[in-house]
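Chain and residue survey
One letter stands for each residue in the lines below.
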Amino acid sequence: MRIDIISVVPESLDSFINTSILARAQKKGLVEIHVHNLRDYTKDKHRRVDDYPYGGAAGMVIQCQPIFDCIEALKAERDYDEIIFTAPDGEKFDQPMANELSLKENIIILCGHYKGIDYRIRENIITKEVSIGDYVLTGGELAAACMTDAIVRIIPGVIGDEQSALSDSFQDNLLEPPVYTRPAEYNGWRVPDILLSGHDAKIAEWELEQSLARTKRLRPDLLK
Ligand code: 6GU
């Protein structure tokens, strides 16, 4: 899989993309992540990519030209399954969308910024608009980072123990049961006896009960 991220602040994504699990996934050849600086595509001699909005609203709007030329340059190299725009008014990102996107071959994520981008790009070029929640960020980079992380970690082979990505909270609409590690007693706090019993079937039953109880208490919406 290949993910191309387009941003006006590409450096803000560097450490995230080159650290830990995402770095290892790229080194293993399981995913390619490329970040593009939108300013590299402007024809403006001062490298500007934005201008005042028509109609006199406040803020600046990213122009069509650099976005169009950047996406055209990428499309000339390969076909893209999805050209995503990150925006607070997009479709809400969730685990099913992450699962679906992780099966794609090539995707572009265009990070929104400032007041927005020229709407003609959204109408004519973008195939999917995505929000990561009901709050407003200063730019789409954190949204692109969240999406990339959630998409890449479920690609087979990225996480050592494949079972663990599939048994996550949300994969089955249930929250995870509590987990513990050694020592069995710390500060007088004991690990539940059942987990020390060695009885696999009873442990699995206990974990399911815990998952159901936690989901009912913390996220009853998931049980509907
Ligand atoms: Cl995708 N972008 C911005 N700017 N704010 C957001 C968002 C995206 N998702 C939630 N808030």
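To be clear, the structure that these remarks concern was listed above.
Now for a quick tour of the structure. Everything numeric in this text was worked out from a predicted model, so none of it was measured.

1. Structural notes on helix 9 (residues 200-218)
- Under the 1.5 Å per step criterion, the end-to-end length of helix 9 is 26 Å for 19 residues, consistent within 8% with the ideal 27 Å.
- Elements in contact with the buried residues of helix 9: helix 8 (193-196).

2. Comments concerning unusual backbone geometry
- In this structure, Pro-183 follows Arg-182 across a cis peptide bond, with omega equal to 5°.
- Tracing the sequence through the fold places Pro-183 in the loop between helix 7 (162-166) and strand 9 (185-186).
- A positive phi angle, close to 65°, is found at Arg-47, a residue other than glycine.
- Secondary-structure assignment places Arg-47 in the loop between strand 2 (32-37) and strand 3 (50-51).
- At Asn-173, a position not held by glycine, the phi torsion is positive, near 60°.

3. Remarks on the site of the ligand
- For the ligand, the full set of nearby residues is Thr-86, Ala-87, Pro-88, Val-130, Ser-131, Ile-132, Gly-133, Tyr-135, Val-136, Leu-137, Gly-139 and Ala-143.
- Side-chain polar atom of Ser-131 to a nitrogen atom of the ligand: 3.3 Å apart, as the coordinates give it.
- Ile-132 places a main-chain nitrogen or oxygen 3.0 Å from a nitrogen atom of the ligand.
- In isolation the ligand offers 290 Å² of accessible surface; the protein chains occlude 96% of this area.
- Among the detected pockets, the ligand sits in the largest pocket.
- When residues of the shell around the ligand are traced back to their parent elements, those giving at least two are strand 5 (82-92) and strand 8 (128-131).
- In terms of residues, the shell around the ligand owes the most to one element, strand 5, which gives 3 residues.
- Looking at the shell around the ligand residue by residue, the class counts come to 8 nonpolar, 4 polar and no charged.

4. Examining the sheet that holds strand 1 (residues 2-7)
- Taken in spatial order, the 5 strands line up as 2-1-6-5-8 in an open sheet, and their pairing is parallel. Strands at the two margins of the open sheet, each flanked by one partner only, are strand 2 and strand 8. Strand-to-strand twist in this sheet, taken as the mean axis angle between neighbours without regard to direction, amounts to 30°.
- With 5 bridges joining them, strand 1 and strand 6 (residues 106-111) adopt parallel strand pairing. Following the sheet pairing, Ile-5 is matched in strand 6 by Ile-109.
- The strands touched by helix 3 (residues 64-75) are strand 1, strand 2, strand 5 and strand 6; relative to strand 1, the strand with the most contacts, the crossing angle is about 165°.
- Contacting strand 5 and strand 8, helix 4 (residues 95-102) crosses the sheet at an angle of about 175° to strand 5.

5. Some points on the environment of Val-8
- Among the secondary structure elements, Val-8 is positioned in the loop between strand 1 and helix 1 (11-17).
- Given the relative accessible area of 8%, Val-8 is considered buried.
- With 57 residues separating them in the primary sequence, Val-8 and Gln-65 have C-alpha atoms 14 Å apart.
- Non-local contacts of Val-8, meaning those with residues more than four positions away in its chain, are made with Asn-37, Leu-38, Arg-39, Val-49, Ile-62, His-113 and Glu-141.

What counts, and at which threshold
- Residues numbered from 1 in each chain as written.
- Predicted model: local features only at pLDDT ≥ 70, side-chain atom pairs only at ≥ 80, totals over all residues.
- Heavy atoms only, no water.
- Helix = DSSP H or I, 4+ residues; strand = E, 2+ residues; numbered from the N terminus.
- Expected span 1.5 Å × (residues − 1).
- Contact = heavy atoms within 4.5 Å.
- Near = heavy atom within 4 Å.
- Polar contact = N/O pair within 3.5 Å; in protein donor to acceptor, adjacent residues only side chain to side chain.
- Areas by Shrake-Rupley, 256 points an atom, 1.4 Å probe, with all protein chains shown as cover.
- 1 Å grid on protein atoms, 1.4 Å probe; cavity = no way out; pocket = protein on both sides within 12 Å on 5 of 7 lines; lining within 4 Å.
- Sits in = over half its atoms within 2 Å of the grid points.
- Nonpolar A, V, L, I, M, F, W, Y, C, P; charged D, E, K, R; others polar.
- Pairing = 2+ DSSP bridges.
- Axes fitted to C-alpha atoms, helices over the stretch in contact; angles between N-to-C directions.
- Buried < 20%, exposed > 50% of the residue type's maximum accessible area, 1.4 Å probe, protein only.

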